Each structure stands twice: as C-alpha cells, then as structure tokens.
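# Reading the structure
What follows is the residue order along each chain.
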Amino acid sequence: MKLYLVPTPIGNLDDITLRAIKILQSVDAILAEDTRTSGVLLRHLAISKPLHSYHIFNEHQTVQRLVDQLKSGKTLAMISDAGTPAISDPGFLLVRACIQNDVPVECLPGPTAFVPALVNSGLPNDRFTFEGFLPHKKGRQTRLSELAGEERTMIFYESPHRLLKTLGQFADVFGPDRPASVSRELTKLFEENRRGSLSELITYFTEKTIKGELVICVQGKEAVSRKAKRQYDREEDTTDEDE
Ligand code: SAM
C-alpha cells in the first residue's frame with residue numbers, strides 16, 4: 001500500500017530518473033493526467049501498466065475511490081503531463097487524503113520547471129517564493145499588490161500568450177527597472193533564458209513571436225537592510241585597502 005508521485009521530463013526525455021523507471025515498472029497501476037500524453041512516455045520507456053485518468057475535472061470524485069484501492073493493498077504511481085505532480089498540477093487532494101487515511105506517500109525527486117528557471121535566472125535564490133500561475137481575472141490584482149513588497153525572488157508560471165500582459169503588470173507593480181528573467185522551453189532544443197530588467201524583457205519579447213512553455217522569475221524588492229549591508233561591505237573593503 002503506497003502512493004508514489006513520480007516526476008516526468010519537462011522536455012528532454014533523458015531527464016527521467018532510473019528510480020522513476022523502476023517505480024513505474026513496479027506499481028499496480030499508474031494515474032495519469034492525460035492518458036494519451038503519458039502513453040507516449042510509457043511506450044518510450046517500454047512500460048506497460050494499467051493507466052487510469054486523474055485530472056482536475058475528476059480529482060474530487062476519484063480521491064475516495066483511490067484511497068480505498070490503496071487501503072486494499074494496491075501500490076499506485078501518479079504522473080502528470082510533465083514535471084512533478086501536484087506542482088501547479090493535480091495531486092494535492094490525493095496526497096492529503098492519503099495522509100489523512102494513513103496511506104504512505106512518497107514523492108520522488110526529479111524534473112520540475114521552476115528549479116532550473118530559478119537557478120538559470122542568476123537572481124538571488126537563497127530565499128524564494130513559488131507563485132505558480134497568477135489568477136487570470138478575479139484576485140489577480142490583489143495577489144499582485146500583496147507581492148509588491150516581497151523581498152524574496154518570485155517565480156511564476158505563465159503561458160506564452162499572456163507573457164507580455166503579465167510582464168507589463170509586473171513593471172507597473174514592481175517598477176520597470178526590476179531585474180527579472182524569462183526561461184523558455186527548458187531542457188528542449190530551443191531553450192532560452194533571457195535576463196534583464198522588466199522593461200528590457202518587454203522590449204525584447206514585443207519584437208518576437210513568443211512560443212513554448214515559460215517561467216518568469218522576478219527579483220524581490222531590495223530590503224533596506226540588504227542595501228545597508230552591501231554599503232557596509234564596500235566600506236570594509238576600502239578600509240582594508242587603506243590599511
Ligand atoms: N508540474 C510541472 C512542474 O513540475 O514544473 C508544472 C505543470 S504546469 C501545468 C505547466 C507550466 O510549467 C507551464 O505553463 C510553464 O509555465 C511551466 N513549464 C513546464 N515545462 C516547461 C519548460 N520545458 N520550460 C519552461 N517552462 C515550463
């Protein structure tokens with residue numbers, strides 16, 4: 001009896017881990033967000049297992065049935081279309097229900113889009129906040145104003161057709177000079193990590209046809225204390241040279 005959450009590649013098929021393959025080979029059944037998309041990956045890995053559909057539209061209805069299956073002794077693996085299940089993807093409800101019903105849960109480490117985007121951005125990553133997708137309409141402005149004073153680097157998932165609108169709103173809230181980055185098509189042939197101020201990114205992407213999947217990282221508001229520390233460090237350096 002166990003639920004595994006198994007990350008799958010976000011582009012490059014070589015990013016599947018050896019353990020992910022072993023787990024997918026060993027479970028009784030696989031829960032997939034889109035059985036056609038996952039069917040392609042499983043065929044590529046030569047894995048043949050019963051494949052059940054689990055997505056946001058049937059998540060609420062299927063949770064109890066799946067918990068019952070797990071409690072009867074079954075071992076299941078959940079995968080999403082790409083990346084780590086439950087990260088801006090279905091999965092959370094089942095994980096929570098398993099924990100409430102004493103069913104063991106294990107999420108394997110593996111591909112997810114936000115980690116390479118954050119590291120490639122070159123923005124401070126000692127502390128960060130994952131914001132995922134912003135609400136499209138209701139609550140969007142509220143969320144943005146809540147983030148106006150955020151000091152940690154912020155990570156957002158966004159679709160290509162909303163990129164310019166979102167960057168424009170970021171420039172309004174955070175200021176056009178705020179350092180940011182857009183990571184597009186991570187791990188794929190045409191991967192691009194574009195870094196610059198929000199206004200530079202807007203200029204760059206205005207002149208392009210924006211295609212593919214992307215992640216936006218925005219540096220946090222510079223805390224007064226951090227600025228003061230840098231000033232202090234600089235003064236220390238000059239004093240050392242003087243001595
Ligand atoms: N579960 C996934 C994860 O662990 O990252 C995220 C799934 S979410 C439905 C899809 C979003 O993830 C995309 O809209 C994009 O923001 C981001 N994403 C997924 N693959 C990506 C890639 N190869 N390059 C850049 N962003 C990607």
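Every value quoted in this text rests on a predicted model; they were computed, and no experiment measured them. (Residues numbered from 1 in each chain as written. Predicted model: local features only at pLDDT ≥ 70, side-chain atom pairs only at ≥ 80, totals over all residues. Heavy atoms only, no water.)

### Digging into the site of the ligand
Applied cut-off: Proximity is defined per residue: any heavy atom of the residue falling within 4 Å of a molecule or strand makes that residue near it. Throughout this description, a polar contact denotes any pair of N or O atoms lying within 3.5 Å of each other; where both atoms belong to protein, one of them has to be capable of donating a hydrogen while the other can accept it, and for residues adjacent in sequence the pair is counted only when both atoms sit in side chains. What sets the accessible areas is the Shrake-Rupley method with a 1.4 Å probe; for residues, cover comes only from the shown protein chains. Using a 1 Å grid laid over the protein atoms alone, points where a 1.4 Å probe fits but cannot get out form a cavity; open sets with protein on both sides within 12 Å along at least 5 of 7 lines form a pocket; any residue with an atom within 4 Å of a point counts as lining. Any molecule with more than half of its atoms within 2 Å of a cavity's or pocket's grid points is regarded as sitting in that cavity or pocket.
Taken together, 19 residues form the shell around the ligand, and within it Ile87, Asp89, Thr112, Tyr157 and Leu214 come nearest. Note that a nitrogen atom of the ligand is positioned 2.8 Å from one of the side-chain N or O atoms of Asp89. A distance of 2.6 Å separates an oxygen atom of the ligand from a polar atom in the side chain of Tyr157. When the ligand sits alone it has 570 Å² of accessible area, and the protein chains cover 91% of it. Using a 2 Å cut-off from the grid points, one finds that the ligand occupies the largest pocket.

### With respect to the packing of aromatic side chains
Put simply, the rule is: When the centres of two rings from Phe, Tyr and Trp lie within 6.5 Å, Trp using its six-membered ring, the rings pair. Their planes under 30 degrees apart give stacked, over 60 give edge-to-face, and anything left gives tilted. A run of DSSP states H or I qualifies as a helix once it reaches four residues; a run of E qualifies as a strand once it reaches two. Both are numbered from the N-terminal end. Working definition: with a 1.4 Å probe on protein chains only, accessible area under 20% of the residue-type maximum means buried, over 50% means exposed, and in between means partly exposed. Distance and angle both matter: a charge sits over a ring if NZ of Lys or CZ of Arg is within 6 Å of the ring centre and within 35 degrees of the ring normal.
Tallying each qualifying case throughout the model produces seven aromatic pairs. Relative to Phe128, the ring of Phe114 has its centre 6.4 Å away and its plane inclined at 50°; by these criteria the two rings are tilted. Taken as a pair, Phe114 in helix α5 (residues 114-121) and Phe128 in strand β6 (residues 128-133) lie far apart in primary sequence, 14 residues in all. With a relative accessible area of 14%, Phe114 lands in the buried category. Exposure remark for Phe128: the relative accessible area of 35% places this residue in the partly exposed category. Ring pairs connect the aromatic residues Phe114, Phe128, Phe130, Phe133 and Tyr157, which therefore count as one cluster. Arg194 extends its terminal NZ or CZ atom over the ring of Tyr204, reaching a point 3.8 Å from the ring centre.

### Quick word on the sheet that holds strand β10 (residues 214-218)
Which entries qualify depends on this criterion: Between any two strands, at least two bridges found by DSSP are needed for them to pair. In this analysis an axis means a line fitted to C-alpha atoms, helices contributing only their contacting stretch, and an angle means the value between N-to-C directions, from 0 to 180 degrees.
Read from one edge to the other, the open sheet built from five strands follows the order β6-β7-β10-β8-β9, with strand pairing classed as mixed. Edge positions in the open sheet fall to β6 and β9 (192-197), since each of these has one partner strand only. Ignoring which end each strand starts from, the neighbouring axes of this sheet average 15° apart. As paired strands, strand β8 (residues 179-184) and β9 are joined by six bridges and run antiparallel to one another.

### Brief notes about the domain arrangement of the protein chain
Spelled out, the test is: Throughout the structure description, domain borders are defined by an automatic or database domain assignment. When checking whether two residues touch, look at their non-hydrogen atoms; a contact exists if any pair is within 4.5 Å. Here the buried area means the combined drop in accessible surface, using a 1.4 Å probe, for two parts upon being joined, counting both sides. Definition used for salt bridges: Asp or Glu carboxyl oxygen within 4 Å of a side-chain nitrogen of Lys or Arg. Each residue is assigned to one class: nonpolar for Ala, Val, Leu, Ile, Met, Phe, Trp, Tyr, Cys and Pro, charged for Asp, Glu, Lys and Arg, and polar for all the others, Gly among them.
Here the protein chain is described as being made up of domain 1 (2-107) and domain 2 (114-226). Taking the mean C-alpha position of each, domain 1 and domain 2 sit 29 Å from one another. In this complex, domain 1 contributes six residues to the contact, which on the side of domain 2 involves eight residues. The junction of domain 1 with domain 2 conceals about 520 Å² of combined surface from both sides, 64% of it contributed by carbon and sulfur atoms. Of all residues in domain 1, Ile10, Ile87 and Ser88 give up the largest surface area on contact with domain 2, accounting jointly for 74% of the area buried on that side. Summed over the shared surface of domain 1 and domain 2, the result is zero salt bridges. Linking domain 1 with domain 2 are one residue pair in polar contact (both at pLDDT 80 or more). Its residues assigned to classes, the side of domain 1 that touches domain 2 shows two nonpolar, three polar and one charged.

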